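Coordinate inspection notes
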Amino acid sequence: VQLQASGGGLVQAGGSLRRSCAASGPTFSNYAMGWFRQAPGKGRESVATITSNGYITFYEDSVEGRFTISRDNAKNTGYLQMNSLKPEDTAVYYCAARRGTTSFRVNQYDYWGQGTQVTVSS
C-alpha cells in the first residue's frame, strides 16, 4: 500500500489542523493505521492509532481529548483532526499502515507516507 499525506502547516496555539492520508494499492481496509510525529532533535513517536475497521482508536496521553483519528475505508483515506494545538505539538507528522492489529511501535509499521510539517506558534 502507498500512502500520500496532505494537510499540515502553520497555526497559532489553540487552533486546529486536519491531516489526511490517502492510500492506494491493496485493500486499505485490511490495514491498521497510525499517526506519528518527530520533533527536531527527537525520535519519532506515536500519536494515535486506529484499527482496520475503524471501530477502535488509541491515543497517547499528550494528545488525548485534543486529537481525533478516523478513517473512511470507502475513500481509502485516514484522517487526524488536531484541535487545541500547543507549541509542543510542533513536529513533522507521518501516517503509517500495517497489516493486522494496531501498534504504537514505530518499527511495526511497514508503510509510511511522507512527513509534513506542523508548526504551532505561541
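The rules behind the values
Residues numbered from 1 in each chain as written. Predicted model: local features only at pLDDT ≥ 70, side-chain atom pairs only at ≥ 80, totals over all residues. Heavy atoms only, no water. Phe/Tyr/Trp six-rings, centres within 6.5 Å; stacked < 30°, edge-to-face > 60°. Helix = DSSP H or I, 4+ residues; strand = E, 2+ residues; numbered from the N terminus. Buried < 20%, exposed > 50% of the residue type's maximum accessible area, 1.4 Å probe, protein only. Lys NZ or Arg CZ within 6 Å of the ring centre and 35° of its normal. Disulfide = S-S within 2.5 Å.

1. Overview of the packing of aromatic side chains
Tallied over the entire structure, the rule returns 6 aromatic pairs. Geometrically, the ring pair formed by Phe36 and Tyr109 is edge-to-face, given 5.0 Å between the ring centres and 75° between the ring planes. In this pair, Phe36 sits in strand β4 (residues 31–38) while Tyr109 sits in the loop between β9 (91–99) and β10 (111–112), placing the two residues 73 residues apart along the sequence. A relative accessible area of 0% places Phe36 in the buried class. For the ring pair Phe58 and Phe104, a centre distance of 6.5 Å and an interplane angle of 80° mean the geometry is edge-to-face. Placement of Phe58 in strand β6 (residues 57–59) and of Phe104 in the loop between β9 and β10 is noted, with a sequence separation of 46 residues between them. By relative accessible area, Phe58 is classed as partly exposed at 35%. Taking the relative accessible area as the measure of exposure, Phe104 reaches 31% and is therefore partly exposed. In this structure, Arg44 is placed above the aromatic ring of Trp112, and the distance from its NZ or CZ to the ring centre is 4.8 Å. Its end group placed over the ring of Tyr109, Arg98 keeps NZ or CZ at 6.0 Å from the ring centre.

2. What to know about the state of the cysteines
Taken as a whole, this structure holds 1 disulfide when the rule is applied. Here Cys21 engages in a disulfide with Cys95; their sulfurs sit 2.1 Å apart. With the S-S dihedral at roughly 65°, the linkage between Cys21 and Cys95 falls on the right-handed side. Taken as a pair, Cys21 in strand β3 (residues 17–24) and Cys95 in strand β9 lie far apart in primary sequence, 74 residues in all. Given a relative accessible area of 0%, Cys21 falls into the buried group.

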